[in-house]
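Read off the chains here:
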Amino acid sequence: MTQNREPLKSLVLYHLFKWSVVSPMLHVYFQGQIYGAENVPQEGPLVIVSNHASYFDPPILSNCVRRPVAFMAKEELFKVPVLKQAIRLYGAYPVERAAADRSAIRNALSALEEGWATGLFLQGTRTPDGRISAPKLGAAMIAAKAGAPLLPISLWGTENILVKETPLPRSVPITVRIGSAIDPPKTTKRAELERVTEVCKDAIHALHDLGR
């Protein structure tokens, strides 16, 4: 049976990290603006889908939805003492490089069963302009199997945080826009997964087009 909320220890760690590090940096250093936070269900399984342009995107996303978000992480990180316990508490789950799709789906479904929100970048990798040109079907597949809604989110401006000329993160304006929840696919057939994935992509781009 699915839990309503994430494990208590993870919630405590999330709020400690959010209020001591991420939130001050987002709102002060990055002049962050957040729109649509009221659209985020605060309980139950949820699949968050977003564009992706920066290494800073996962903590920014998790901060803005006001609940922990489980993201995939390289399997190698879970072999490092202390680190593996910390990232598990924060919701990360391992992905095997040799079978990334299968392990990602399996671990994401396990996180959703525990009441987590799980986050996936719709293209899977970072893009230089924050746009999505080749969306993957993994988020729709996970949502279909879990019966969980998808929540589209646009990250605007994060591609400018790190540039080759400057080793430190730059103080640039960032805007996060959270859309309305999208119903999960009715089946796991490819045509239905593609349809819902396109709906998610279009929703993220519409939010991104609003700019700052």
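See above for the structure.
Below is a summary of the structure that appears in this document. (Residues numbered from 1 in each chain as written. Predicted model: local features only at pLDDT ≥ 70, side-chain atom pairs only at ≥ 80, totals over all residues. Heavy atoms only, no water.)

1. What to know about the overall build of the chain
(1) Moving on: Helix and strand counts for the chain come out as 6 helices and 8 strands.
(2) Moving on: Overall, the chain shows an N-to-C arrangement of helices and strands of α-β-β-α-β-β-α-β-α-β-α-β-β-α.
(3) Moving on: Whereas a compact globule of 212 residues would reach a radius of gyration of roughly 17 Å, the chain reaches 16 Å, a difference of no more than 12%.
(4) Moving on: With the C-alpha coordinates of the chain rotated into their principal frame, the extents come out at 45 × 40 × 35 Å.
(5) Moving on: Evaluated residue by residue, the chain yields a buried proportion of 47% over its 212 residues. (Helix = DSSP H or I, 4+ residues; strand = E, 2+ residues; numbered from the N terminus. Rg over C-alpha atoms; globule rule 2.2 N^0.38 Å. Buried < 20%, exposed > 50% of the residue type's maximum accessible area, 1.4 Å probe, protein only.)

2. Points about the pattern of salt bridges
(1) Moving on: Under the counting rule described, the total for this entry stands at 4 salt bridges.
(2) Moving on: For Arg131, the salt bridge is made with Asp209, and the minimal N-O distance between the two is 2.8 Å. Highlighted residues: Arg131 in the loop between strand E6 (117-121) and helix H5 (138-146) and Asp209 in helix H6 (residues 190-209), separated in sequence by 78 residues.
(3) Moving on: A residue is classified by how much of its surface remains accessible, and Arg131, at 26% relative accessible area, is partly exposed. (Salt bridge = Lys/Arg side-chain N within 4 Å of Asp/Glu carboxyl O.)

3. Overview of the environment of Arg212
(1) Moving on: Inspection of the secondary structure puts Arg212 in the segment after H6.
(2) Moving on: In the structure, Arg212 is positioned 180 residues away from Gly32 in sequence and 9.7 Å away in space, judged by C-alpha atoms.
(3) Moving on: A polar atom in the side chain of Arg212 sits 2.6 Å from the backbone oxygen of Gln31.
(4) Moving on: Separated by 3.1 Å, the side chains of Arg212 and Thr175 make a polar contact. (Polar contact = N/O pair within 3.5 Å; in protein donor to acceptor, adjacent residues only side chain to side chain.)

4. With respect to the nonpolar core
(1) Moving on: With 27 residues, the main nonpolar core has Val47, Val49, Leu122, Ala139, Ile142, Leu150 and Cys200 as its most contacted residues.
(2) Moving on: Among the elements of the structure, strand E2 (46-50), strand E5 (93-95), helix H4 (100-113), H5 and H6 are those that each provide at least two residues to this core.
(3) Moving on: Leave out the neighbours within four places in its chain, and Ala139 touches Val47, Val49, Leu120, Leu122 and Leu150.
(4) Moving on: With 22 residues, the next largest nonpolar core counts Leu61, Cys64, Val69 and Ile161 among its residues. (Core = buried A, V, L, I, M, F, W, Y, C linked by side-chain atoms within 4.5 Å. Contact = heavy atoms within 4.5 Å.)

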